[in-house]
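# Examining the three-dimensional arrangement
As a plain string of letters, each chain reads:
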Amino acid sequence: MPDYKVYYFNVKALGEPLRFLLSYGNLPFDDVRITREEWPALKPTMPMGQMPVLQVDGKKVHQSVAMSRYLAKQVGLAGADDWENLMIDTVVDTVNDFRLKIAVVSYEPDDEIKEKKLVTLNNEVIPFYLEKLDDIARENNGYLANSKLSWADVYFTAILDYLNYMTKTDLVANTPNLQKVVDNVTSIESIRNWIDKRPKTETMPMGQMPVLEVDGKRVHQSLAMCRYVAKQINLAGDNALESLQIDAIVDTINDFRLKIAIVAYEPDDMVKEKKMITLNNEVIPFYLTKLNVIAKENNGHLVLGKPTWADVYFAGILDYLNYLTKTNLLENFPNLQEVVNKVLDHENIKAYIAKRPITEV
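Residues numbered from 1 in each chain as written. Predicted model: local features only at pLDDT ≥ 70, side-chain atom pairs only at ≥ 80, totals over all residues. Heavy atoms only, no water.

Let us now look at the overall build of the protein chain. Across its full length, the protein chain holds 14 helices and 6 strands. Taking the principal axes of the C-alpha coordinates as reference, the protein chain spans close to 75 × 40 × 35 Å. Considering only contacts in the protein chain between residues 6 or more positions apart, those separated by 24 or more positions represent 65%. Total accessible area computed for the protein chain in this model is approximately 19900 Å², and 52% of it derives from carbon and sulfur atoms. (Helix = DSSP H or I, 4+ residues; strand = E, 2+ residues; numbered from the N terminus. Contact = heavy atoms within 4.5 Å. Areas by Shrake-Rupley, 256 points an atom, 1.4 Å probe, with all protein chains shown as cover.)

Helix 6 (residues 151-167) packs onto helix 1 (residues 16-24) with a crossing angle of 130° between their chain directions and a minimal axis gap of 8 Å. By the angle between their directions, the pair helix 1 and helix 6 is classed as oblique. The handedness of the crossing between helix 1 and helix 6 is right-handed. Counted together, E16, P17, F20 and L21 of helix 1 and W151, V154, Y155, T157 and A158 of helix 6 form the full contact between these two elements. (Axes fitted to C-alpha atoms, helices over the stretch in contact; angles between N-to-C directions. Parallel < 35°, antiparallel > 145°, perpendicular 65-115°, else oblique. Left-handed = near helix turned anticlockwise from the far one by under 90°.)

By the definition in use, this model includes 10 aromatic pairs. Ring geometry for F29 versus W194: centroids 5.6 Å apart, planes at 50°, classification tilted. Of this pair, F29 sits in strand 2 (residues 29-34) while W194 sits in helix 8 (residues 189-197), and the two are 165 residues apart along the sequence. Comparing F29 with W194 shows no difference in burial state: the two are buried. Relative to Y155, the ring of W151 has its centre 6.4 Å away and its plane inclined at 85°; by these criteria the two rings are edge-to-face. (Phe/Tyr/Trp six-rings, centres within 6.5 Å; stacked < 30°, edge-to-face > 60°. Buried < 20%, exposed > 50% of the residue type's maximum accessible area, 1.4 Å probe, protein only.)

Taking strand neighbours across the sheet as the criterion, the 4 strands line up as 2-1-3-4 in an open arrangement whose pairing is mixed. Looking at strand neighbours, the two that pair on one side only are strand 2 and strand 4 (59-61), the edges of this open sheet. Taken pair by pair, the neighbouring strands of this sheet meet at an average axis angle of 20°, ignoring direction. Helix 1 rests against strand 1 (4-9) and strand 2 of the sheet, and its axis sits at about 150° to strand 1. (Pairing = 2+ DSSP bridges.)

When glycine is set aside, most residues are seen to have a negative phi, and most peptide bonds are trans. Here the amide bond leading from M51 into P52 is cis, since omega sits at 10°, within 30 degrees of zero. You can see P52 is positioned in the loop between helix 2 (39-42) and strand 3 (53-56). With phi around 55°, N26 is a residue other than glycine that occupies positive phi space. Given the relative accessible area of 60%, N26 is considered exposed.

Here's what the structure looks like:
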C-alpha cells in the first residue's frame with residue numbers, strides 16, 4: 001500500500017477533499033498540518049510553493065483537483081468509462097468555478113469594492129450556481145454525476161464548509177437535492193469516522209487575519225489592534241487631540257495601502273495595466289510627496305514631532321507596500337526614509353527583525 005501524506009494548514013478548505021477521499025478508501029495517511037510559523041521555511045520544498053500537497057511514496061504533487069482525481073481512482077470513485085469521467089469532471093470544474101467566484105469577492109481587500117461585488121455575488125452568482133447544481137443533483141437522484149456516488153459528490157461535500165465559511169451562510173439550506181448529496185456522503189461510515197475524529201480547525205474572528213490574542217481573547221482589525229498595543233507601550237499620544245492627529249496619519253497610510261492593493265490584486269490583466277498607469281503616475285507620487293513633507297515638518301516623524309505608533313505602523317507595513325508595487329517607494333523621499341530608519345534603529349525592533357522568520361513578503 002502506498003505511503004500517503006497530506007500537507008496543508010490546520011483548516012479544511014482545499015485539503016479536505018483529499019482527506020475525505022483517503023478516509024473513504026480506508027487508506028492510512030499522515031495528516032500533516034503546517035502552522036503559519038512553519039510555512040515560510042517549508043514553502044520552498046513544495047511544488048509551486050503552495051499547499052495542499054499530496055505526497056505518495058515520497059513524491060510530492062500539487063493542484064487539489066488533480067490530486068482528488070488521482071485518489072478517486074485509487075478508491076473506486078472515478079467513472080466506469082471516459083464518458084462517466086467526463087460527467088464527473090464537468091461537475092467538479094463547475095464547483096471549482098463557483099469556489100473561485102466566491103473567493104474573488106471574499107478576499108477583496110477594499111471594503112467598498114467588496115460591498116458592491118457582494119451584491120452581484122449574492123443576488124446573481126450564488127443563486128445561479130446553486131439552482132444549476134441542485135437540478136443536476138435532482139436529475140441524478142441525489143448525486144452529482146452518473147446517478148451514483150463519485151468523487152464529485154465527495155469533493156463538493158468536503159469543500160462545502162469552506163464555501164459556507166467564505167459566504168457566511170448555509171449554501172444548501174434551500175437546495176434539497178444538494179443537501180441529499182451531502183447526506184449521502186456524510187452518512188458513509190468511513191467518512192463519518194473521519195469527521196468525528198478530525199482535528200478542530202482554526203477559527204478566527206470574522207474569518208480573517210491578522211488576529212491578536214490577549215489572555216485567550218481573540219480580536220481582529222489590524223488598525224484597532226495596533227492602536228490598542230500602542231496604548232500599552234505609550235506610543236498613542238498624551239491626550240485625545242494627539243491621538244486624533246496620530247489616527248489621521250495612520251488612516252492616510254491605510255488609504256494609500258488600499259489604493260495600491262486594489263491595483264495589485266486586480267484579476268483582469270488589461271484592467272490592471274490601465275490602473276497601474278494612474279497608480280504610478282498620480283496616486284503614489286501624491287501620497288508620498290504629502291507624507292514626505294509631513295515627515296520633514298515633524299523632524300523625521302509622521303506626527304507631533306516625536307515617536308508614535310504612526311511611525312511604527314508605516315515602517316512595519318513598508319515592505320508589504322514595496323512588494324505590491326515591486327519598487328522601493330522611498331528611494332526619492334529622504335524624510336520618509338528617515339522615519340523608517342529611526343524605527344528600525346530602535347534596539348527592541350532591531351532585535352525582533354534579527355530573529356523573525358524569513359518570509360516572502
